[in-house]
Amino acid sequence: MLPRLAFAIVICMSTFAAAQSLPVPQAVTDPAQLQSATVENLQKLTIPALYSTRQIGGGIWSPDGTQVAFVSNISGRNNLWTVPSTGGWPSQLTISDQRQAKPAWSPDGKWIAYMSDKDGNELWDIFLVSPQSGEVTNLTASPNSADESPAWSPDSRYVAYMTKDKTSPSYEIDFIDIASRRTTHITRNSPPQLGNISPLWSPDGKLIAYTQQNASGKDSNIFLYDVAGKTASNLTPHSGDQTFYASSFSPDGKTLLITSNAANGYDNVALLDVASKRITWITGDKWEIQAGSFSSDGLSIVWSTNVDGREALYGRLVSGGDVYRFPLPEGVNDFAGDISPFSHDGQRLLYYHSGAKSPNDLYVFDLKTKQSVQLTNSFVAGLNSSSMVTPTLVHYPSRDGKFTISAWAYVPNNIIRNQQYPAVVYIHGGPVSQSMDGFNRFIQYMNNQGYLVIAPNYRGGSGYGKEFQEANRFDAGGEELNDVLGAADFIRRTGFVDPAKLIVMGGSYGGYLTMMAVTRHPEMWAAGVPIVPFVNWFTEFENEDPQLQESDRLFMGDPVKDKALWTDRSPINFISKVKAPLLILAGANDPRCPKSEAQQVADAIKKQGGTAILKIYDNEGHGFSRVENQIDAYQRVADFLRVRVPSPGCGCGI
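All values derive from a computational prediction rather than experimental measurement.

1. Notes on the overall build of the chain
Argument step 1. Secondary structure summary: the chain contains eleven helices and 37 strands in total.
Argument step 2. The C-alpha radius of gyration computed for the chain amounts to 24 Å, which stays within 12% of the reference 26 Å derived for 654 residues, consistent with globular compactness.
Argument step 3. For the chain, the spread of C-alpha atoms along the three principal axes comes to 65 × 60 × 50 Å.
Argument step 4. By residue count, 59% of the 654 residues in the chain fall in the buried class.
Argument step 5. Restricting to contacts in the chain with at least 6 residues of sequence separation, those with at least 24 account for 56%.
Argument step 6. Here the chain has roughly 25400 Å² of accessible surface; of this, 50% comes from carbon and sulfur atoms.
Argument step 7. Of the charged side chains in the chain, 54 are positive and 64 negative, and the gap between their average positions amounts to 3 Å.

2. What about the nonpolar core?
Argument step 1. If you look at the biggest cluster of nonpolar residues, it comprises 77 residues, and the most contacted ones within it are Leu452, Ile491 and Trp525.
Argument step 2. In contact with Trp525, not counting residues within four places along its chain, are Val425, Leu485, Ala488, Leu502, Ile503, Val504, Ala517, Val518 and Ala580.
Argument step 3. Counting residues in hydrophobic clusters, the runner-up holds 39 residues, among them Leu45, Leu50, Leu383 and Tyr445.

3. What about the pairing of strand E27 (residues 348-355)?
Argument step 1. Of all eight residues that make up E27, eight are buried, and the element is covered over most of its length.
Argument step 2. The alternating pattern of E27 places Arg348, Leu350, Tyr352 and Ser354 and Leu349, Tyr351, His353 and Gly355 on opposite faces, both of which are buried.
Argument step 3. The sheet contact formed by strand E26 (residues 332-335) and E27 spans four bridges and is antiparallel. From the neighbouring strand, Asn333 faces E27, where its bridge partner is His353.
Argument step 4. Taking the residues that link successive antiparallel strands as the turn, the E27-strand E28 (residues 358-366) hairpin has two residues.

4. A word on the sheet that holds strand E17 (residues 231-234)
Argument step 1. With respect to topology, four strands assemble into an open sheet ordered E14-E15-E16-E17, the strand pairing being antiparallel. The sheet terminates laterally at strand E14 (194-201) and E17, the two strands that pair on one side only. When the angles between neighbouring strand axes are averaged without regard to direction, this sheet yields 30°.
Argument step 2. Where strand E16 (residues 220-226) meets E17, four bridges bridge the pair, whose relative direction is antiparallel. Bridge assignment links Tyr225 to a residue of E17, and that residue is Ala232.

5. Describing the layout of surface pockets
Argument step 1. Each pocket or cavity is described by its volume, and for the second largest pocket that value is around 760 Å³.
Argument step 2. Lining the second largest pocket are 29 residues, and of these Pro107, Ile339, Ser340, Phe342 and His344 sit closest to its centre.
Argument step 3. Its residues assigned to classes, the lining of the second largest pocket comprises 15 nonpolar, 13 polar and one charged.

6. Re the environment of Arg644
Argument step 1. Along the chain, Arg644 falls in helix H11 (residues 627-644).
Argument step 2. Since its relative accessible area comes to 41%, Arg644 is described here as partly exposed.
Argument step 3. It is 45 Å that separates the C-alpha atoms of Arg644 and Gly337, two residues lying 307 residues apart in sequence.
Argument step 4. Every residue in contact with Arg644, bar those within four places of it in the chain, is listed here: Pro581 and Thr611.

Conventions we followed
Residues numbered from 1 in each chain as written. Predicted model: local features only at pLDDT ≥ 70, side-chain atom pairs only at ≥ 80, totals over all residues. Heavy atoms only, no water. Helix = DSSP H or I, 4+ residues; strand = E, 2+ residues; numbered from the N terminus. Rg over C-alpha atoms; globule rule 2.2 N^0.38 Å. Buried < 20%, exposed > 50% of the residue type's maximum accessible area, 1.4 Å probe, protein only. Contact = heavy atoms within 4.5 Å. Areas by Shrake-Rupley, 256 points an atom, 1.4 Å probe, with all protein chains shown as cover. Lys, Arg positive; Asp, Glu negative; His and termini not counted. Charge placed at Lys NZ, Arg CZ, Asp CG, Glu CD. Core = buried A, V, L, I, M, F, W, Y, C linked by side-chain atoms within 4.5 Å. Pairing = 2+ DSSP bridges. Axes fitted to C-alpha atoms, helices over the stretch in contact; angles between N-to-C directions. 1 Å grid on protein atoms, 1.4 Å probe; cavity = no way out; pocket = protein on both sides within 12 Å on 5 of 7 lines; lining within 4 Å. Points joined across faces, edges and corners; volume = space filled by probe spheres on them. Nonpolar A, V, L, I, M, F, W, Y, C, P; charged D, E, K, R; others polar.

If you want it as structure tokens, here you go:
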């Protein structure tokens with residue numbers, strides 16, 4: 001519940017529109033209701049084929065609307081590509097051994113800005129590439145800082161971006177003159193608990209909106225910087241913890257489309273009048289709704305809605321009227337585009353679609369014909385989606401009775417209910433994240449091999465409102481772990497699963513919870529796979545990026561004052577209890593969960609005579625971006641589980 005004073009302030013500064021009514025999805029609550037589909041001629045999937053499926057992101061329009069640039073690992077690296085906006089053969093624009101991200105096309109069409117780091121170290125530089133010649137230049141060239149999220153001024157003279165020194169906890173906002181390389185600081189010397197993100201130019205280039213957020217993730221404000229006057233003002237003054245994020249300027253620069261949880265504790269979409277600071281709510285639902293942008297003529301707005309892990313796209317006239325849901329397949333749909341998903345003429349929308357059986361791809365939606373054109377095709381030849389599994393949304397009560405927990409349950413095709421199959425509890429990272437109804441290469445592979453999978457959305461994650469997201473603060477590895485154990489209990493009660501064949505697996509924070517599971521409940525697990533985990537709050541805090549130190553301090557307290565809590569919730573202190581064999585994967589350049597965390601586990605397990613196989617990838621960071629490393633890593637996991645926790649199989653062809 002919002003504090004009474006804060007709620008009163010919100011009411012007086014806001015005008016509420018009619019709330020959008022979103023249907024509550026059907027979910028299975030009885031494990032015995034889960035079914036295995038019968039599929040004839042079931043194809044045997046392989047790790048190399050699944051991980052050769054292309055990854056697509058960073059889609060943006062060219063200024064004239066004739067091309068779309070995007071990031072893909074078609075070549076084995078996340079490089080920039082372009083494709084005609086009507087469809088056709090893609091062309092590789094950058095050729096680099098390093099990954100690229102967040103492209104932004106200059107309004108004059110001459111350059112595409114993007115960010116790139118080295119071997120996953122997250123010390124990003126901003127580069128420019130000519131879409132005509134492929135010429136590349138390093139714009140920021142700062143090896144000891146992270147320069148991120150480039151945003152062009154309307155006259156194509158400047159690029160604004162987020163920047164953080166390697167030793168600093170705070171992101172600042174700068175902009176740089178691309179001709180002279182002269183840099184202007186919009187923010188400087190921010191307090192360690194505050195960071196500035198997502199610069200957004202006004203259409204006339206006179207203002208820059210940005211968000212200043214607290215490292216706790218509980219509070220943020222939208223600021224407006226006057227380029228000529230060199231002053232910034234807070235557009236969203238408020239009391240209590242509330243979040244405000246700017247998404248788009250109206251063409252006249254008078255209004256911002258924003259996302260905020262100030263109305264009811266859930267992310268909703270609103271219009272913010274720049275002059276009066278008055279907020280008009282567009283949505284008022286109790287799901288996660290994210291602002292998109294204004295249309296080119298400023299008459300319409302679009303947004304996305306995440307309802308229990310499925311995301312749909314909506315639009316409406318700014319003046320009001322009926323809400324329109326774009327006719328897209330179920331799954332995860334999201335707007336693409338740097339500044340806007342709308343083409344320059346306002347006639348088309350650029351978006352992504354991913355489903356359980358369809359990898360993420362770029363599409364163009366024609367607003368007149370209401371038809372979509374697929375621009376990218378991520379599947380490689382030979383993969384048959386009909387052999388893949390569609391998950392079932394399931395709900396179960398949390399053990400403390402506070403929440404209904406959602407999870408996605410994947411039952412392999414062609415299996416029988418004989419209590420002989422292994423099951424994987426697949427834990428998402430974050431923890432502020434969510435398992436959604438999108439494509440997951442590894443889950444599909446494990447299903448194909450006869451392993452059930454359940455992916456729980458435990459408390460502390462996103463998608464279910466402020467109270468749910470805050471419920472694990474100062475309780476890492478506590479009730480959230482019980483939410484994960486509830487998923488294990490649910491999948492075990494389906495009648496398919498051998499209770500002695502439970503596997504726990506996760507990456508990053510999911511790797512932490514994997515280690516909490518195998519130390520706190522060692523008798524439950526036949527195997528564990530922590531990927532880029534952390535296991536010791538003290539050493540994690542000592543060695544991680546300073547920005548994450550501030551976040552962890554606000555999440556788990558002070559390492560001195562709260563030493564007892566930090567000690568109790570560090571699985572390394574209970575490593576002697578581990579019974580399950582472990583496979584641990586890590587990146588040598590990881591600034592988030594340093595490789596020393598994984599090394600601690602391997603050393604301690606081996607010292608006591610247990611099984612802990614450790615693989616560290618020398619040219620990776622927090623997760624693996626190189627295709628050959630992805631294939632190697634997940635083949636290792638598959639082989640490890642096949643030996644340690646074998647499955648009867650799924651009736652696949654040979």
